[in-house]
Amino acid sequence: MIDLWQEIYGTIRRNKLRTFLTGFAVAWGIFMLIVLLGAGNGIIHAFEESSGERALNSVRVWGGWTTKPYDGLKEGRSISLDNRDLEDTEAYFTDRVEEAGATLYQSSMDISYGAEYVNLSLNGVHPNYPEVEPVKVVEGRFVNQTDIRERRKSIILHRKSADVLFGKTHTDPLGKFVNAGGVAYQVVGIYDDEGSSEPSSAFIPFSTLQTIYNKGNDLNSIIFTTKGLTTEESNEQFEADYRRVIGANHRFDPTDDGAIWLWNRFTSYLQAMAAMGILRTAIWVIGIFTLLSGIVGVSNIMLITVRERTHEFGIRKALGAKPRSILWLIIVESVVITTVFGYIGMVAGIGATEWMDAAFGSQTVDNGMFEAKMFSNPTVDISIAIQATITLIVAGTLAGLFPARKATKIRPIEALRAD
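Reading the values: the criteria
- Residues numbered from 1 in each chain as written.
- Predicted model: local features only at pLDDT ≥ 70, side-chain atom pairs only at ≥ 80, totals over all residues.
- Heavy atoms only, no water.
- Helix = DSSP H or I, 4+ residues; strand = E, 2+ residues; numbered from the N terminus.
- Buried < 20%, exposed > 50% of the residue type's maximum accessible area, 1.4 Å probe, protein only.
- Contact = heavy atoms within 4.5 Å.
- Areas by Shrake-Rupley, 256 points an atom, 1.4 Å probe, with all protein chains shown as cover.
- Lys, Arg positive; Asp, Glu negative; His and termini not counted.
- Salt bridge = Lys/Arg side-chain N within 4 Å of Asp/Glu carboxyl O.
- Polar contact = N/O pair within 3.5 Å; in protein donor to acceptor, adjacent residues only side chain to side chain.
- Pairing = 2+ DSSP bridges.
- Phe/Tyr/Trp six-rings, centres within 6.5 Å; stacked < 30°, edge-to-face > 60°.
- UniProt positions renumbered as here; feature names shortened; annotations may be inferred.
- Core = buried A, V, L, I, M, F, W, Y, C linked by side-chain atoms within 4.5 Å.
- Axes fitted to C-alpha atoms, helices over the stretch in contact; angles between N-to-C directions.
- Left-handed = near helix turned anticlockwise from the far one by under 90°.
- Nonpolar A, V, L, I, M, F, W, Y, C, P; charged D, E, K, R; others polar.

Caption draft 1: Region of the structure containing the overall build of the protein. A count of helical and extended segments in the protein gives 13 helices and twelve strands. A total of 419 residues make up the protein; the buried ones form 46% of that total. In the protein, once contacts between residues fewer than 6 apart in sequence are set aside, the share between residues at least 24 apart is 77%. Here the protein has roughly 21,000 Å² of accessible surface; of this, 58% comes from carbon and sulfur atoms.

Here it is as structure tokens:
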């Protein structure tokens with residue numbers, strides 16, 4: 001057995017370039033497969049994390065502009081949502097809407113405590129807001145129904161805003177009063193958000209903002225969660241029914257998609273998952289073809305190797321070597337080369353995915369409503385890398401086995417005459 005390893009080592013030393021080319025084909029195939037799968041998994045994992053932060057059965061509605069004439073009115077009218085739309089959302093869709101709320105904004109407010117202040121926007125919201133958006137209360141509480149009903153001057157600050165206002169004095173913000181444009185608000189909660197594009201916003205009860213800042217019945221958006229809508233078709237039917245109800249309030253064509261904008265996260269999720277499925281398939285196809293190119297490279301080099309060593313095989317047979325020992329030499333040499341370089345390619349591929357995670361894992365994209373990670377955890381199942389390496393080992397072995405068997409069947413005198 002020691003003689004076999006010494007012989008393999010000697011053969012590799014005498015044929016450094018051939019060994020390198022064989023190993024490079026193996027390592028490159030494994031490396032590219034892992035990198036491609038890792039990149040695809042990083043995108044898919046980031047999407048899944050972003051989706052997991054928000055309720056998938058949520059819908060958000062904004063006013064828009066009509067694009068069709070209707071009931072004697074021209075197109076191009078601005079549609080502004082109001083309290084009546086919120087009430088009808090709950091009244092007409094009791095079997096399909098779990099809880100409805102609304103949002104309203106007051107921008108550029110100076111909020112102060114003592115000598116410290118921050119400039120941010122006030123967001124009037126309902127208690128269901130954290131169910132729809134990635135807002136996590138880390139201290140205290142969020143807006144509740146009592147706040148809405150009694151129009152309390154309660155405020156929930158972002159963690160960073162609280163640090164600016166209370167950090168220098170090491171004061172516990174809960175229960176303290178802050179000044180916002182001459183109005184005193186009591187801090188009842190501290191929140192944090194993952195991926196929000198407005199980390200310095202503060203939340204107050206929707207009814208409080210609507211009353212204090214003279215917003216009338218207007219609102220910026222309606223948000224609610226649905227129930228019993230488990231398919232894309234049922235969600236599309238609900239959206240059509242919803243447009244019909246809101247269209248009756250504002251006299252626009254129910255088929256006018258521009259009059260109000262609906263963002264249904266469930267249908268968006270289903271469409272995105274379909275796209276992710278296509279992406280995953282495309283990456284696998286590219287990865288498999290890359291692996292096939294490595295197999296072809298290994299096979300070609302092994303064929304050339306056996307052909308070059310036909311003369312050597314003739315000498316071995318003339319000295320009494322059995323055909324089985326020659327075949328075993330080819331097989332072991334092929335397995336050693338492909339295993340070693342396959343491992344190198346696997347380690348390099350895993351290192352590349354770790355680099356991708358470090359370089360791009362913290363990058364986000366802002367779509368105007370929230371920020372989301374674009375790349376996360378580009379891991380590849382180790383079994384896939386091992387299976388790919390074994391595939392290349394088998395391919396290289398078979399590529400060398402068949403011509404080697406043919407070469408061992410040649411009579412020694414004919415093998416010695418071979419070029």
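Caption draft 2: Geometry of the side chain of Asp82. As for its placement among the helices and strands, Asp82 is situated in the loop between strand 1 (58–63) and helix 3 (83–92). With no salt bridge to any partner, buried Asp82 finds its closest opposite charge in Arg84, at an N-O distance of 4.2 Å. There is a polar contact of 3.1 Å between the side chain of Asp82 and the backbone nitrogen of Arg84. In this structure Asp82 touches Asn217, Asp218, Leu219 and His250, once residues within four positions along its chain are discounted.

Caption draft 3: Region of the structure containing the side chain of Arg265. Tracing the backbone through its elements, the reader meets Arg265 in helix 9 (residues 265–308). At 2.9 Å, the side chain of Arg265 forms a polar contact with the side chain of Ser58. Only 2.8 Å separates the side chain of Arg265 from the backbone oxygen of Val132, close enough to count as a polar contact.

Caption draft 4: Summary view of the pattern of salt bridges. Going through the model one piece at a time under the given rule, you end up with twelve salt bridges. Taking the shortest distance from any N to any O, the salt bridge between Arg251 and Asp71 comes out at 3.2 Å. Residue Arg251 is located in the loop between helix 8 (232–250) and strand 10 (260–264), and its partner Asp71 is located in the loop between strand 1 and helix 3; the two are separated by 180 residues in the primary sequence. Arg251 sits in the partly exposed class, given a relative accessible area of 40%. Here Asp192 makes a salt bridge to Arg159, at a shortest N to O gap of 3.2 Å. Remark: Arg159 occurs in helix 6 (residues 159–166) and Asp192 occurs in strand 7 (residues 183–193); sequence separation between them is 33 residues. A relative accessible area of 21% places Asp192 in the partly exposed class.

Caption draft 5: Just the pairing of strand 6 (residues 177–180), in detail. Because side chains alternate across strand 6, one face comprises the buried residues Val178 and Ala180, and the other comprises Phe177 and Asn179, none of which is buried. Where strand 2 (residues 97–113) and strand 6 come together, two bridges link them in antiparallel fashion. From the neighbouring strand, Ser112 faces strand 6, where its bridge partner is Asn179. Note that strand 6 and strand 7 share four bridges and pair antiparallel. When the bridges of strand 7 are listed, Val178 appears paired with Tyr185.

Caption draft 6: Highlighting the packing of aromatic side chains. Under the definition given, this model contains 13 aromatic pairs. Ring centres of Tyr129 and Phe203 lie 5.1 Å apart, and the angle between their planes is 50°; on these two criteria the pair is classed as tilted. Taken as a pair, Tyr129 in helix 4 (residues 129–132) and Phe203 in strand 8 (residues 202–205) lie far apart in primary sequence, 74 residues in all. This pair shows no difference in class: Tyr129 is buried, exactly as Phe203 is. Ring-pair connections join several aromatic residues into one group, and the members of that group are Phe93, Phe224, Phe238 and Tyr242.

Caption draft 7: Spatial organisation of unusual backbone geometry. Positive phi is not limited to glycine here, since Arg151 has a value of about 50°. With respect to the helices, strands and loops of the structure, Arg151 is situated in the loop between helix 5 (145–150) and strand 5 (154–158). Judged by its relative accessible area of 46%, Arg151 falls in the partly exposed class.

Caption draft 8: Seen up close, the UniProt feature "transmembrane region" (unreviewed entry) in the protein. Here, UniProt's "transmembrane region" (unreviewed entry) annotation points to residues 20–44, 282–306, 326–352 and 382–402. Segment residues 20–44 splits into 100% helix and 0% strand. End C-alpha atoms: 35 Å apart. Along residues 326–352 one finds 100% helix and 0% strand; the C-alpha atoms at either end are 39 Å apart.

Caption draft 9: Highlighting the nonpolar core. Formed by 55 residues in total, the largest nonpolar core has its most connected members in Ile111, Leu122, Ile155 and Tyr242. Ile111 has contacts with Glu116, Tyr117, Val118, Leu120, Leu122, Ile155, Leu165, Val178, Asn179, Ala180 and Ala202, leaving out every residue within four places of it along the chain. In terms of nonpolar packing, the next biggest core, distinct from the first, is built from 13 residues, Ile34, Leu37, Ile283 and Ala388 among them.

Caption draft 10: Region of the structure containing the packing of helix 3 against helix 8. At a closest axis distance of 10 Å, the pairing of helix 3 and helix 8 adopts a crossing angle of 140°. For the element pair helix 3 and helix 8, the recorded crossing hand is right-handed. Contact residues: Arg84, Asp85, Asp88, Thr89 and Tyr92 in helix 3; Tyr242, Val245, Ile246, Asn249 and His250 in helix 8. For the contact of helix 3 with helix 8, the residue count by class is four nonpolar, three polar and three charged.

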